[in-house]
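Here is what each chain is made of, one letter per residue.
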Amino acid sequence: MEIAYTKEHRYRFIEDSKIETDNSVIYRAQDLELNRNVCIKIIKIDGDSPREIQAKLQRSMLEVRAMVEISERTIYLPNIYSTYFDEDKSTLYIVMQWIQGTSLEEKMHVPEMQFIRWMINLFDILSTMERRNLYHKDIK
């Protein structure tokens, strides 16, 4: 997927940071205006008609709003800074907090109480998503 979003060249994409999923591409970038690292998720909204594209965009924005609600209650989800929909390219850009972390394997060696706190947060997140009929396709 081609990187098209620059928001007047506000973001500089960091080389070798590309992560591809089934329906999106995620990049680490530098916010040149605020001098911080961000994550930019790029979602191509495909559809056979403007109505179908609009429906898929609305669904994606429901997910964004759920993430905003959840991120206000936990430190385990990134904060959403902004969104932008490029109508010409039918592409949604989500600019969010970059969270530097360790691998899941490294996190598996934590005290039991920490693990339980993580599970409580995870169940809260999944419950919020379920109330909005949003279902993550890749929870392991």
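Residues numbered from 1 in each chain as written. Predicted model: local features only at pLDDT ≥ 70, side-chain atom pairs only at ≥ 80, totals over all residues. Heavy atoms only, no water.

Engineer: Before we go on, may I ask you to explain the overall build of the protein in this structure?
Structural biologist: Helix and strand counts for the protein stand at 3 helices and 6 strands. The proportion of buried residues among the 140 residues of the protein is 32%. Residue pairs in contact within the protein that sit at least 24 positions apart in sequence constitute 44% of those at least 6 positions apart. Here the protein has roughly 10000 Å² of accessible surface; of this, 52% comes from carbon and sulfur atoms. (Helix = DSSP H or I, 4+ residues; strand = E, 2+ residues; numbered from the N terminus. Buried < 20%, exposed > 50% of the residue type's maximum accessible area, 1.4 Å probe, protein only. Contact = heavy atoms within 4.5 Å. Areas by Shrake-Rupley, 256 points an atom, 1.4 Å probe, with all protein chains shown as cover.)

Engineer: What am I meant to see in helix α1 (residues 50-71) here?
Structural biologist: Counting along an α-helix, one turn takes 3.6 residues, and residues three or four places apart therefore face a common direction. Taking 1.5 Å of rise per residue, 22 residues should cover 32 Å, and α1 covers 31 Å from first to last C-alpha, within 8% of that figure. Among the residues of α1, I53, L57, S60, M61, V64, A66, I70 and S71 are the ones counted as buried. Here the buried face of α1 lies against β5 (80-86), β6 (91-97) and α3 (112-131). (Expected span 1.5 Å × (residues − 1).)

Engineer: Whenever I open this one, the pattern of salt bridges confuses me. Can you help?
Structural biologist: In the structure shown here, the tally under the stated rule is 5 salt bridges. Across the salt bridge formed by R10 and E33, the nearest N and O atoms sit 4.0 Å from each other. On the criterion of sequence distance, the pair formed by R10 in the segment before β1 (11-13) and E33 in the loop between β3 (24-31) and β4 (36-44) is long-range, its members being 23 residues apart. R10 gets classed as buried once you look at its relative accessible area, which sits at 18%. Overall, E33 belongs to the exposed group, its relative accessible area being 58%. Residues joined in a network through salt bridges with shared partners are R10, D31, E33 and R36. (Salt bridge = Lys/Arg side-chain N within 4 Å of Asp/Glu carboxyl O.)

Engineer: Any chance you could explain α3 here in plain terms?
Structural biologist: With 20 residues, α3 extends 29 Å from end C-alpha to end C-alpha; this agrees with the ideal 28 Å at 1.5 Å per step. Inspection of α3 places Q114, W118, N121, I125, T128 and M129 among the buried residues, and these make up the whole buried set. Projection of α3 onto a plane perpendicular to its axis shows the buried side chains occupying an angular sector of 100°, all on one side. Exposed residues on α3 whose side chains face more than 90 degrees from its buried face are E112, M113, I120, F123 and R131. In the stretch just after α3, N133 is the one whose phi turns positive, near 55°. (Arc of directions from axis to C-beta.)

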